[in-house]
Amino acid sequence: MIKDLAAREDGPVRVSGWVERVRDQRYVQFVVLRDESGAVQLVNGGVLREPDPENPRSDVLVPRTRTISELTHGTFITVEGELQHNERVKLGGVEIQIEQLEVVTRALPDNPIATDSGIDARLDWRFLDLRRPEQQLVFRVQTTFLHALRQVWVERGFIEIQTPKLMASASESRAELFEVEYFEGRAFLAQSPQFFKQMAQAAGFGGIFEVGPAFRADPSFTSRHATEFTSIDTELSWIDSHEDVMELHEELIVAGLSAVKEKHGDELQRLFGVEVEVPSRPFPRIPLAEAKEIVKAEGYEVPRADADMDPEGERRIAAHAKKKYGSDFVFLTDYDASIRPFYHMRDAENPQLTKSYDLIYRGTEISTGAQREHRIDMLEAQAVEKGMDPKELDFYLDFFRYGVPPHGGFGMGLNRVLMLMLQQSSIREVTYLFRGPNRLLP
Ligand code: AMO
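K.L.:
Lay out the overall build of the protein in plain terms, naming residues and giving numbers.
P.N.:
The number of helices and strands found in the protein is eleven helices and 16 strands. Taken over the C-alpha trace, the protein has a radius of gyration of 28 Å; the compact-globule value for 442 residues is 22 Å, which it surpasses by more than 25%. Expressed as lengths along the three principal axes of its C-alpha atoms, the size of the protein is roughly 100 × 60 × 40 Å. Per-residue burial over the protein gives 50% buried out of 442 residues.

As structure tokens, then:
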């Protein structure tokens, strides 16, 4: 790999990669070659543009000169040559004198995107867009983040599960549901692994986690909505309240951000100008009603008919938490039952409230979590209250008819976490292949 060249002694080497630039001078040609590890300068010194009867090698050198002149940006080549350390070479202090050059696959000359192309053009040509080192860094960061989360789960003895994405019923609400033909009948794409992660609690798995796709037929074009996104889900038994879920949540976030900071902190600073900040625990917790009072006192009345917060309110309460507690993260807790799903447990003292929370990161919701209602009578009543058909939910309600421990969990949008961590303007920038109402390609 190109990154390993600097540590090697001068001598013969073989490298492959994409042509980034060609500088074609009268007596010398330079090529900047890039692979996923870095870039290096190749040099063709013995440039001959016309056959030279005095030079027995000219039959080799003339065609090579022509080949190099014609190399288009993005062409993939393999080169054998002499590695030479040279302090004057800005690119890594080494260069390679070309001895043999093979064009493996040629790139068309009309590069369809430039670095200043708009997001839609870049998404049309995502494989070219992803060749940029900063774009690859996004996915290295994602890998490190998820690995750190997995380490926490595995150390705690959690089991990784894969739940089906084809379902017979809705998993969240009837809104935002994709319906697909399924042989003679119909199926729905899973909006969340909610029911199946709870099933693992009835099955006696204890802690479980899943990182997988979730689908929402959400027609909105905001910077934080996709029709398919990656959901980080976990569920655990033996909890006393949603407080236990929040503690696990904090532990995972701190582990993930610490790993990213340690491994990629310098590169993120260099390529994105971004400082990764590891939050200290506990994250502030503010009951939703209090949060609304706080933003109201600071001049913003949440303009919603229901009891929920809106995105502007979330931004403002996050700014408040940053100022007062120095935290990029804030838990909003005790959501009103009217705006929460039927499976959230109600507060024993005030049944109008749920034992649930949202986690806000730099002003945007990244997660919803809760203790679940595990008592079948209450659960059934809550489903009916929400206008759901208990018959359609029978497979799920059965989980609660044969003994189930108290449990809870959360779902967190991976793409939102990355967008906020890397301070990007949209989840489109940090999703491998974005899916939205207008985008099914590539
Ligand atoms: P919720 O519906 O709040 O909760 O989703 C959890 C998290 O998933 C992310 N998310 C999205 N990301 C991108 N595009 C979307 N359209 C989108 N919708 C949701 C957000 C959100 O906070 N079953 C519960 C979780 C639980 O209680 O365990 C659920 O799905 O980051």
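K.L.:
Tell me about the site of the ligand, and please be specific about residues and values.
P.N.:
Taken together, 19 residues sit near the ligand, with Glu172, Gln194, Lys197, Glu365 and Thr368 positioned nearest. Glutamine 194 places a side-chain nitrogen or oxygen 2.7 Å from a nitrogen atom of the ligand. Here alanine 226 contributes a backbone N or O atom positioned 2.9 Å from a nitrogen atom of the ligand. Isolated, the ligand exposes 630 Å² of accessible area, and the fraction of that covered by the protein chains is 92%. Elements represented by at least two residues in the shell around the ligand include exactly helix H5 (194-202), strand E15 (364-371) and strand E16 (407-413). Per-element accounting of the shell around the ligand gives the leading share, four residues, to E15. Taken together, the residues that form the shell around the ligand break down as five nonpolar, seven polar and seven charged.

K.L.:
Before we move on, can you summarise the sheet that holds strand E4 (residues 76-85) with the specific residues and values?
P.N.:
Judged by pairing direction, the barrel is mixed, and its five strands sit side by side in the order E1-E2-E3-E5-E4 before closing back on the first. Strand-to-strand twist of the sheet, defined as the mean angle between neighbouring strand axes without regard to direction, takes the value 55°. In terms of strand pairing, strand E3 (residues 38-44) meets strand E5 (residues 94-105) through three bridges, oriented parallel. Of the residues in E5, the one forming a bridge with valine 43 is glutamine 97. Here helix H1 (residues 58-69) sits on the sheet and contacts strand E1 (11-24), strand E2 (29-35), E3 and E5; the angle it forms with E5, its principal contact strand, is near 80°.

K.L.:
Kindly report on the pairing of E3, identifying the contributing residues and their values.
P.N.:
Burial within E3 is extensive, with seven of its seven residues counted as buried. The side-chain alternation of E3 yields two buried faces, one formed by Gly38, Val40, Leu42 and Asn44 and the other by Ala39, Gln41 and Val43. Connecting E2 to the next strand, E3, in antiparallel fashion are two residues.

K.L.:
Mind laying out helix H8 (residues 311-325), listing which residues take part and the relevant values?
P.N.:
Residue pairs three or four apart in sequence face the same way in an α-helix, which turns once every 3.6 residues. With 15 residues, H8 extends 20 Å between its outermost C-alpha atoms, agreeing within 8% with the 21 Å of an ideal straight helix rising 1.5 Å per residue. Within H8 the residues assigned to the buried category are Gly313, Glu314, Ile317, Ala318, His320 and Ala321. Axial view of H8: buried residues confined to an arc of 160°, hence all on one face. In the core, the buried residues of H8 are packed alongside strand E12 (285-287), helix H7 (288-297), strand E13 (329-333), strand E14 (356-361) and E15. Once H8 finishes, glycine 326 follows within two positions and takes phi at roughly 65°, a positive value.

K.L.:
Before we move on, could you go through the pattern of salt bridges and cite the residues and values that matter?
P.N.:
Applying the stated criterion across every chain, the model contains 37 salt bridges. The closest approach of N and O atoms between arginine 372 and glutamate 235, which form a salt bridge, is 2.8 Å. Taken as a pair, arginine 372 in the loop between E15 and helix H9 (376-385) and glutamate 235 in strand E11 (residues 228-237) lie far apart in primary sequence, 137 residues in all. On the accessibility criterion, arginine 372 (2% relative accessible area) is buried. When the shortest N-O distance is used, the salt bridge between arginine 375 and glutamate 373 registers 2.7 Å. With relative accessibility at 38%, the residue arginine 375 sits in the partly exposed group. Using a relative accessible area of 0% as the deciding quantity, one classes glutamate 373 as buried. Linked by salt bridges that have partners in common, Arg122, Arg126, Asp129, Arg132, Glu134 and Glu429 make up one network.

Rules and cut-offs
Residues numbered from 1 in each chain as written. Predicted model: local features only at pLDDT ≥ 70, side-chain atom pairs only at ≥ 80, totals over all residues. Heavy atoms only, no water. Helix = DSSP H or I, 4+ residues; strand = E, 2+ residues; numbered from the N terminus. Rg over C-alpha atoms; globule rule 2.2 N^0.38 Å. Buried < 20%, exposed > 50% of the residue type's maximum accessible area, 1.4 Å probe, protein only. Near = heavy atom within 4 Å. Polar contact = N/O pair within 3.5 Å; in protein donor to acceptor, adjacent residues only side chain to side chain. Areas by Shrake-Rupley, 256 points an atom, 1.4 Å probe, with all protein chains shown as cover. Nonpolar A, V, L, I, M, F, W, Y, C, P; charged D, E, K, R; others polar. Pairing = 2+ DSSP bridges. Axes fitted to C-alpha atoms, helices over the stretch in contact; angles between N-to-C directions. Contact = heavy atoms within 4.5 Å. Expected span 1.5 Å × (residues − 1). Arc of directions from axis to C-beta. Salt bridge = Lys/Arg side-chain N within 4 Å of Asp/Glu carboxyl O.

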